[in-house]
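Structural overview
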Amino acid sequence: MTVVLDLLNNDPRTKLRPDMPRHPEKANRPDTPMQSKPAWIRVKAPGSAEWAETRRIVRENKLVTVCEEARCPNIGECWAKKHATFMIMGDTCTRACAFCNVRTGLPGPLDAHEPVKVAEAVAKLGLEHVAITSVDRDDLSDGGAAHFAATIAAIRATSPATTIEILTPDFLRKTGALETVIAAKPDVFNHNLETVPSKYLTVRPGARYFHSVRLLQRVKELDAQIFTKSGIMVGLGEERSEVQQLMDDLRSADVDFLTIGQYLQPTRKHHAVMRFVPPDEFEAYEKVAYAKGFLLVSATPLTRSSHHAGDDFRKLRERGRGLAPAGAAAPLGPVSER
């Protein structure tokens, strides 16, 4: 059974107040049933000395991580390896996606010192590869693009050997935002589609499916050297044929790397899990995705966007250079076997 701990208690960054509910827009929604998790979804509860050290560094630098905010089941494994995914621009998102556990509401002003704080944490952790994501900031004229660029520049200045992966919002209706981010030259540009287009109205109502596909395509047009990546959750009621069509849409946008993981419901106010997809179906998705031409695929129940990001980047770079073939027969082995 998956063990998810509430790691946000006693967090010195922000004291939660009764007048600031985490999901005010979901408060009046009817409860949805939470199914018992199947035997194949298992993780260890965090608690190692390395995990504690990673948590200390995050706290000392007053940083937010998506690992905690989104209640990622892999936090124990990743933080034990000193792999944390930093979430910039605060802990409050301007959107209210039905699947997401990140706080929603009106965010506060940007912390101008945050890029340096992130860079300092990256240096203290000694990261070879770092993943940076953010909340949606529809309240900002550029959606936070300049803040992403500043964070990339700060990491480059203090840890020039560290490779940088960013997981961005869609910058919907933010002219010039994508260009600002790409000019900072991240090594990997990730933007998740999250689900198939037929589910956007109920799962991701603030986004537009084909805008997101076009965003990923535009990255390659601006800088063909940047690897592109996208991910989805399954178990939200999608059809297999819809997932296969989504793969085709991403390949049409020249996306290099696809991740597929099981949706896990954070609370009774969130979208219900419609189905727990068994491991053999993830393996089938992986084979189909490789056949469609992705350089790298990670498809397992516990796959998340930044899970094993550093190892995956090394494989992605080798395959991009033609040093190793993609697919289950590759000498590196299929990603799902990790």
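Computed from a predicted structure; not experimentally measured.

**Focus on the overall build of the chain**
Within the chain one finds 11 helices and nine strands. Across the 338 residues of the chain, 55% fall into the buried class. Of the contacts formed within the chain by residues at least 6 apart in sequence, a portion of 76% connects residues at least 24 apart. Just so you have it, the chain exposes about 14600 Å², and 54% of that area is on carbon and sulfur atoms.

**A closer look at the sheet that holds strand E7 (residues 227-234)**
Spatially, the seven strands line up as an open sheet ordered E1-E4-E5-E6-E7-E8-E9, and their pairing is parallel. Edge positions in the sheet fall to strand E1 (85-88) and strand E9 (296-299), since each has one partner strand and no second. Direction aside, the axes of adjacent strands within the sheet are offset by 20 degrees on average. Relative to strand E5 (residues 163-167), strand E4 (residues 129-134) runs parallel, the two being bridged by five bridges. Across the sheet, His129 pairs through a bridge with Thr163, a residue of E5. Each of E7 and strand E8 (257-262) touches helix H9 (residues 240-252); the most contacted strand, E7, lies at about 170 degrees to it.

**Description of the packing of H9 against helix H10 (residues 279-291)**
Contact geometry of H9 with H10 gives a least axis separation of 10 Å together with a crossing angle of 35 degrees. The hand of the H9/H10 crossing is right-handed. For the pair H9 and H10, contact is made by Arg240, Val243, Gln244 and Met247 and by Ala284, Tyr285, Val288 and Ala289, respectively. Of the residues assigned to the contact of H9 with H10, the class counts are six nonpolar, one polar and one charged.

**Remarks on the packing of aromatic side chains**
The tally for this structure, following the rule as stated, stands at four aromatic pairs. On the numbers, 5.6 Å between centres and 85 degrees between planes, the contact of Tyr200 with Tyr209 is edge-to-face. The same class applies to Tyr200 and to Tyr209, which are both buried. A ring pair is formed by Tyr209 and Phe210, whose centres lie 4.8 Å apart and whose planes are at 85 degrees; its orientation type is edge-to-face.

**Brief notes about the pattern of salt bridges**
Throughout the structure, instances matching the rule amount to 20 salt bridges. For Asp187, the salt bridge is made with Arg156, and the minimal N-O distance between the two is 3.3 Å. Remark: Arg156 occurs in helix H5 (residues 145-158) and Asp187 occurs in the loop between helix H6 (177-183) and strand E6 (188-190); sequence separation between them is 31 residues. Between Lys292 and Asp248 there is a salt bridge, and its shortest N-O distance comes to 2.9 Å.

**Let's talk about the nonpolar core**
Ranked by size, the top nonpolar core spans 69 residues in total, and within it Phe86, Ile132, Phe189 and Ile260 carry the most contacts. When residues in this core are grouped by element, the largest group, six residues, is from H5. For Phe189, the residues in contact, after removing those within four places along its chain, are Ile166, Thr168, Leu178, Val181, Ile182, Leu215, Leu216, Val219, Ile226, Phe227, Thr228 and Lys229. Core analysis: the next-biggest nonpolar cluster, separate from the first, contains 11 residues, Leu264, Val273, Phe276 and Leu302 among them.

**A few points about H10**
The terminal C-alpha atoms of H10 lie 19 Å apart, and with 13 residues this matches the ideal 18 Å at 1.5 Å per residue to within 8%. Of the residues flanking the end of H10, it is Gly293, one or two places downstream, whose phi is positive at about 110 degrees.

**Concerning helix H11 (residues 309-320)**
For the α-helix, the turn length of 3.6 residues means that residues three or four positions removed from each other point alike. Here H11 is 12 residues long and its end C-alpha atoms lie 16 Å apart, about the 16 Å a rise of 1.5 Å per residue gives. Turning to H11, its buried residues number three or more, namely Ala309, Gly310, Asp312, Phe313, Lys315, Leu316 and Arg319.

**A look at the side chain of Asp249**
Summarising the element assignment, Asp249 is placed in helix H9. We note that Asp249 is buried and unpaired, the nearest opposite charge coming from Lys292 at a distance of 9.4 Å.

**Thoughts on the pairing of E8**
Where a strand is regular, its side chains alternate between the two sheet faces. Here E8 lies mainly inside the structure; six of its six residues are buried. Residue alternation in E8 divides its side chains into two sets, Phe257, Thr259 and Gly261 and Leu258, Ile260 and Gln262, and both sets are buried. Where E7 and E8 come together, six bridges link them in parallel fashion. Along E8, the bridge assignment pairs Gly231 with Thr259. For the segment spanning E7, H9 and E8, crossover handedness is right-handed. Note that E8 and E9 share four bridges and pair parallel. Residue pairing for E9: Thr259 is matched across the bridge by Ser298. Note on the crossover from E8 through H10 to E9: the handedness is right-handed.

What counts, and where the lines are drawn
Residues numbered from 1 in each chain as written. Predicted model: local features only at pLDDT ≥ 70, side-chain atom pairs only at ≥ 80, totals over all residues. Heavy atoms only, no water. Helix = DSSP H or I, 4+ residues; strand = E, 2+ residues; numbered from the N terminus. Buried < 20%, exposed > 50% of the residue type's maximum accessible area, 1.4 Å probe, protein only. Contact = heavy atoms within 4.5 Å. Areas by Shrake-Rupley, 256 points an atom, 1.4 Å probe, with all protein chains shown as cover. Pairing = 2+ DSSP bridges. Axes fitted to C-alpha atoms, helices over the stretch in contact; angles between N-to-C directions. Left-handed = near helix turned anticlockwise from the far one by under 90°. Nonpolar A, V, L, I, M, F, W, Y, C, P; charged D, E, K, R; others polar. Phe/Tyr/Trp six-rings, centres within 6.5 Å; stacked < 30°, edge-to-face > 60°. Salt bridge = Lys/Arg side-chain N within 4 Å of Asp/Glu carboxyl O. Core = buried A, V, L, I, M, F, W, Y, C linked by side-chain atoms within 4.5 Å. Expected span 1.5 Å × (residues − 1). Lys, Arg positive; Asp, Glu negative; His and termini not counted. Right-handed = clockwise from strand over helix to strand, strands pointing away.

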